[in-house]
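Results of the structural survey
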Amino acid sequence: MPPVDPGTGYQIWSESASFPLLLENLRRHAEIAAVGRARFPGTLAQKNSSWREYRNFLRQGLSNYEAALGVPNRSACLLYYYAMLNFAKAELLSSHAAKISGQFVGHGLSFSPKQAQTVSGDSLVVKEGVFRWLYEQRTGTTLPVGMRIPVKRLLVQIPEIGTQVADAGMGDTQVLQAQHMVAADHSQSWPLILLLGGTRIDASSVTGKLFFRHFRETQIMSEWRDHFGISRRLMTTMALYESRLTAPSDPPGTLDISGAHKLTMQIRGILSMRINETADVTISPSLYKTKMIPMPSSLARYAIAYYASSLVRYKPSVFDSQIHPEQAYMFDAVARECALPMLIDTLTGLEGKEQYFFAGDSFRV
């Protein structure tokens, strides 16, 4: 059971995520007035005015995105970034209209390709603009203008390219895939988080301190596979954690799912939406070990798309497959593997609630 913020809710799809499904649902926002206008306050005339800008940001984003799908390598990152930039403006329009409507809008990041040396040594600089506003809207925290974000740290926050990042010598993915469920007895309910593969959270890091403030390791129950819906064909080590607090059942004997999910949301700063149907949620650690800088995978993807687009435009030699084969290979993977998760990120932002996709037969035993 994926953890859900009771304040925002969720959408469940009875099919796996796909380009046609996601693109069609983004078009709803651009082409159906009742859907697009619902995001904006004010009179009907004011709603229509906002929707006109909203739908054209979306139409432009969709055009760039669909064009990117036809580009077979890292060059697609340029089109994907401009798609994501327009999608982000659409997402922000309801909260930052005065900064976006009819205004020149900065990227919110800067990077000088002339000074680019190696991907492992490059950094992005936070500026006022779209990325900074999007970060604040999605995380509830702010990034200071002028802050430098190492590209290498962003790459390890994107789980779907973990193999390619490791092969390029950039390090191992920092994102942990987890299973989540709600347990209960006669009087209380509480969440459980299961980590597979022998992975452990570093208790000395700021991420670990936040996690263990609200969760503690507990003994694996004998029926853990049945409770979490894990096949007996999966042979792995695991660690199980339960929340330190519980939600009282009212009336006694009932399952308080919402109350248990609120307990999970106490670590929201390090939670990211899952990238596939294997896990319920992912744990994205702080960008730094000793300072809490949340960096969910959705924002890491956006920032890396910006970085890649800058190099594609101004210094494509960085991706030369003869001179830098590992970097070319890695950013081919960015274009290929991040494309679908970026659409899920966008739909989540526009709908204002988590989107969960399940294959049509996934609930059959």
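So, a few notes on the structure that sits alongside this text. (Residues numbered from 1 in each chain as written. Predicted model: local features only at pLDDT ≥ 70, side-chain atom pairs only at ≥ 80, totals over all residues. Heavy atoms only, no water.)

1. Here's the deal with the overall build of the chain
Going by this rule: The helix and strand labels rest on DSSP assignments: H or I over at least four residues marks a helix, E over at least two residues marks a strand, and numbering proceeds from the N terminus. The size measure is the radius of gyration over C-alpha atoms, and the globule rule it meets is 2.2 Å times the number of residues to the 0.38 power. Two residues form a contact once any of their heavy atoms are found within 4.5 Å. For the purpose of charge, His is not counted, nor are the chain termini; Lys and Arg are scored as positive and Asp and Glu as negative. Every charge is mapped onto a representative atom, which is NZ of Lys, CZ of Arg, CG of Asp or CD of Glu.
Helix and strand counts for the chain stand at 14 helices and twelve strands. On C-alpha atoms alone, the chain measures out to a radius of gyration of 21 Å, which is about the 21 Å that the 2.2 N^0.38 rule sets for 365 residues. Counting only C-alpha atoms, the chain reaches 60 × 55 × 40 Å along its principal axes. Intrachain contacts of the chain at a sequence separation of at least 6 include 68% that bridge at least 24 residues. Taken as two groups, the 37 positive and 31 negative side-chain charges of the chain have centres that lie 7 Å from each other.

2. Thoughts on the sheet that holds strand 3 (residues 123–129)
Where strands meet in a sheet, backbone hydrogen bonds hold them as pairs that are either parallel or antiparallel. Note the threshold: DSSP bridges decide pairing: two strands pair if at least two such bridges lie between them. The axes used here are C-alpha line fits, helices contributing only the stretch in contact, and every angle between their N-to-C directions lies in the interval 0 to 180 degrees.
Taking strand neighbours across the sheet as the criterion, the three strands line up as 2-3-4 in an open arrangement whose pairing is antiparallel. If you trace the sheet from one side to the other, it starts and ends with strand 2 (107–110) and strand 4 (148–150), each paired once. Neighbour to neighbour, the strand axes of the sheet diverge by 35 degrees on average, direction disregarded. As paired strands, strand 3 and strand 4 are joined by three bridges and run antiparallel to one another. Bridged to Val125 within strand 4 is Arg148. Most of the contacts of helix 6 (residues 130–139) go to strand 3, to which it runs at about 85 degrees, and overall it touches strand 2, strand 3 and strand 4.

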